[in-house]
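# Descriptive structure summary
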Amino acid sequence: KQWYQRRVRGGLFEADKIIFTSQMTFQILLARKEIDPVELDFLLRFPSVPNVVSPVDFLAHNSWGAIKSLSQMDEFRNLDRDIEGSAKRWKKFVESEIPEKEKFPQEWKNKTSLQKLCMMRALRPDRMTYAVSLFVEEKLGTKYVVTRAVPFEKSYEETSPETPVFFILSPGVDPLKDVEIMGNKLGITINNGKLHNVSLGQGQEIVAEKAMDIACKNGGWVILQNIHLVKKWLGKLEKKLENTVIDSDPLYRVYMSAEPASTAESHIIPQGILEASIKITNEPPTGIKANVHKALDQFSQDTLEMCARENEFKSLWFSLCYFHAVVCERRKFGPQGWNRLYPFNIGDLTISVNVLYNYLENNPKVPWTDLRYLFGEIMYGGHITDDWDRRLCKTYLEEYMKPEMLEGELLLAPGFNIPGSMDYQSYHVYLDEELPPETPYLYGLHPNAEIGFLTMTSENLFRTVLEMQPRDTAGGGAAGMTKEEKVKGLLDEILERLPEEFNMMEMAGRTEDRSPYTVVAFQECERMNMLTSEIRRSLKELDLGLKGELTISNEMESTMNSVFLDRVPGNWSARAYPSVLPLGAWFADLLLRIKELEGWTTDFALPNVVWLAGFFNPQSFLTAIEQSTARKNEWPLDRMVLSVDVTKKWKEDFNSPPREGSYVHGLFMEGARWDSQSGMIADSRLKELTPACPVMFVKACTVDRQETKNMYECPVYKTKERGPTFVWTFNLKTKEKPEKWAIAGVALLLSA
């Protein structure tokens, strides 16, 4: 247990610890034959029957698809009927705060722990990390789930000249302080020449080698910082570590640090170094309170007294510290937090406070606009590359820095007022006493953002554990099905259901119309042909490989692994549209897209309601609306913009297309919901993460006729990953201030 805690858990980030313990637990239980491999396979793969409608209000359509899939297994027969028939009981269970600790309704409470995990994944995916922790605790004991940081003194006891220490770096944390403190205790310091601290980079390799030679003889310590920056030297370092150990002084130690690789392909640290080392992670504090405390810790009472305009300085200084904590910690909410990840750091905060001091000293009035510009566009904005993230950063500063704050009339978060003038230590006390408990509200987000973040974490957990399963069986060892047999079955099914390609020549002969809409239809069919022909080619090739008629190439191996792991193969997704769906759901979605195109290209009449998400390139269709209107009215195209009216109807309620523009459906809202009664954006309902929007009427007008009052500029994205999947901006009506929705990360998505 001690080896596990120190050697294994100490070298893992918090997010990865549950992945490791889950994998270890599942493998132990499989070896003991205590769990059914078929049930484990279901838990990890989570197959879901596509395109089903949930008959109960407390389960999403995707969750109901998983229940239907689960009900096909003998142990779960009639689960779907029971949930429908006893909806009240199941609703109470699903909506409980900590469902993993509640008893399942009726006879389902007698199921095994793994079977309960399978049901829980369908019912409450957001609680799965907690449910899996309880499962590990039940099977292996509490000691494997309790996370307690190992003090550096304990790790040091296990070091030796042969066993270096490898620190895995996190932004905003300096683990080498612990080394220096320990060195001081043992009389090993830079001043007495026993501690050598080398920050690696260009030309520092020779310095590092000399330091290792000296320390090896004299019994000193060597700190090698940022070894990931010297890729070519790492092989030499590995040999040097092995050679200096021979006849070295017993007090000789080496400490290395490096940033973790962003992808598996970019790992550069030699395996020998990692295997020989004790690996230690140090992570920054989590949560707003810890991050504001950390921000305040960068300053002192002297900082607060240095400015002649003390009251203004203190208010803006505290506001900056809170802003810094929010922008850093908001990253945990994924794309709803920030479209892209930015390396905001303490340096941004300390420089911003210096700028604040200089501007207050040199201006008779507080230059609000200048300060917000400097912080939002340069200090923090300098990291930002996405326009919507830039808007978010500016909006935060507009909310946190305004004249009312000097009267103490500014809420930084619901229930948290900006403090008045006080001494340095009192700000820490005020924070501890007044800041509400950690919730997404502290960031201006809806509680659903946390549910989304937890669901994403649990999906990552199961996907990673699935990828670590042995590949010789398909997880269905009981059925005796090999990986090749499973892939062959899926491959045959896809080839059988894949429609023929569109006959472009025959289609061109069917219409002489070359309106913008028809051009879009042709472009979409061409792209669909490229995708379906690649799917057919790669699967037929793989089929021949599995039969032994062709040698399995790297590409075929990659396709086979992807199909086995229910992932879309890379050579397909390169020709497809952005999607986060697993292969089964992705293929069902592909068939719907083909069906939609077949319907449209029969007579090339614009569908009554267009499925905007069904396009490879939705922008081309929205541009076609502008082009058609501009041609019809003889308006200049560069003056055209889109205007969006959200109707109160759904797709089935429309019998004909509009005379101008188009009705579109298939949009979902994240961060808020569309309220049909008021015809405006409203706060989300709890647990409704991406509610569907009614049909939208999209038409074009000239820029001078565009409505801009009481409108929220809402970005439209193809998937939840946001960022590079941006499509357009839709102006939506709002009663509340648009800034509220910008901070809440409200966006329209083309797939839920």
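### What about the overall build of the protein?
Along the protein, the regular secondary structure elements total 29 helices and 17 strands. Its C-alpha atoms give the protein a radius of gyration of 30 Å, within 12% of the compact-globule value 27 Å for 752 residues. Taking the principal axes of its C-alpha atoms as reference, the protein extends roughly 90 × 75 × 55 Å. Relative to its full complement of 752 residues, the protein shows a buried share of 51%. If you take every contact in the protein between residues at least 6 apart in sequence, the share linking residues at least 24 apart comes to 72%. In the structure as shown, the protein presents an accessible area of about 35,800 Å², 50% of it carried by carbon and sulfur atoms.

### Regarding the nonpolar core
Counting residues in hydrophobic clusters, the biggest one holds 118 residues, and the most contacted among them are Leu-531, Trp-586, Leu-590, Phe-621, Phe-730, Leu-732 and Leu-748. Every residue in contact with Trp-586, bar those within four places of it in the chain, is listed here: Leu-531, Ile-535, Val-568, Trp-572, Ala-576, Tyr-577, Ser-579 and Leu-581.

### Description of empty space enclosed by the protein
Rolled over the atoms, a probe with the dimensions of a water molecule shows which regions are left empty. The full count for this structure, using the stated rule, is two cavities of 30 Å³ or more. The volume enclosed by the largest cavity comes to roughly 140 Å³. Taken together, 17 residues line the largest cavity, and the ones lying closest to its centre are Trp-388, Asp-389, Arg-722, Ala-742 and Gly-745. For the lining of the largest cavity, the secondary structure elements donating two or more residues are helix H19 (387-400) and strand E15 (711-717). When residues in the lining of the largest cavity are grouped by element, the largest group, four residues, is from H19. Taken together, the residues of the lining of the largest cavity break down into nine nonpolar, four polar and four charged. Lining the second largest cavity are Arg-593, Glu-596, Leu-597, Trp-600, Pro-607, Val-610, Trp-611, Gly-614 and Phe-615. Sorting the residues of the lining of the second largest cavity by element identifies helix H27 (583-603) and strand E8 (609-611) as the ones contributing at least two each.

### Description of helix H21 (residues 448-467)
Taking 1.5 Å per residue as the helical rise, H21 with its 20 residues ought to reach 28 Å, and the 29 Å between its terminal C-alpha atoms agrees with that figure. Turning to H21, its buried residues are Asn-448, Ala-449, Ile-451, Leu-454, Thr-455, Ser-458, Leu-461, Phe-462, Val-465 and Leu-466. In this fold, the buried residues of H21 make contact with helix H2 (14-31), helix H3 (37-45), helix H7 (113-123) and helix H8 (128-140).

### Quick notes on the sheet that holds strand E14 (residues 696-702)
Across the sheet, which stays open at both edges, the four strands sit in the order E8-E10-E14-E9 with mixed pairing between neighbours. Looking at which strands have only one partner, the edges of the open sheet turn out to be E8 and strand E9 (640-646). On average, adjacent strands in this sheet sit at an angle of 40° to one another, irrespective of strand direction. In the sheet, E8 pairs with strand E10 (residues 662-665) via three bridges, with the strands oriented parallel. Counted as the bridge partner of Val-610 is Val-664 from E10. Taken strand by strand, helix H28 (residues 618-633) contacts E8, E9, E10 and E14, and its axis lies near 110° from that of E9.

Conventions used here
Residues numbered from 1 in each chain as written. Predicted model: local features only at pLDDT ≥ 70, side-chain atom pairs only at ≥ 80, totals over all residues. Heavy atoms only, no water. Helix = DSSP H or I, 4+ residues; strand = E, 2+ residues; numbered from the N terminus. Rg over C-alpha atoms; globule rule 2.2 N^0.38 Å. Buried < 20%, exposed > 50% of the residue type's maximum accessible area, 1.4 Å probe, protein only. Contact = heavy atoms within 4.5 Å. Areas by Shrake-Rupley, 256 points an atom, 1.4 Å probe, with all protein chains shown as cover. Core = buried A, V, L, I, M, F, W, Y, C linked by side-chain atoms within 4.5 Å. 1 Å grid on protein atoms, 1.4 Å probe; cavity = no way out; pocket = protein on both sides within 12 Å on 5 of 7 lines; lining within 4 Å. Points joined across faces, edges and corners; volume = space filled by probe spheres on them. Nonpolar A, V, L, I, M, F, W, Y, C, P; charged D, E, K, R; others polar. Expected span 1.5 Å × (residues − 1). Pairing = 2+ DSSP bridges. Axes fitted to C-alpha atoms, helices over the stretch in contact; angles between N-to-C directions.

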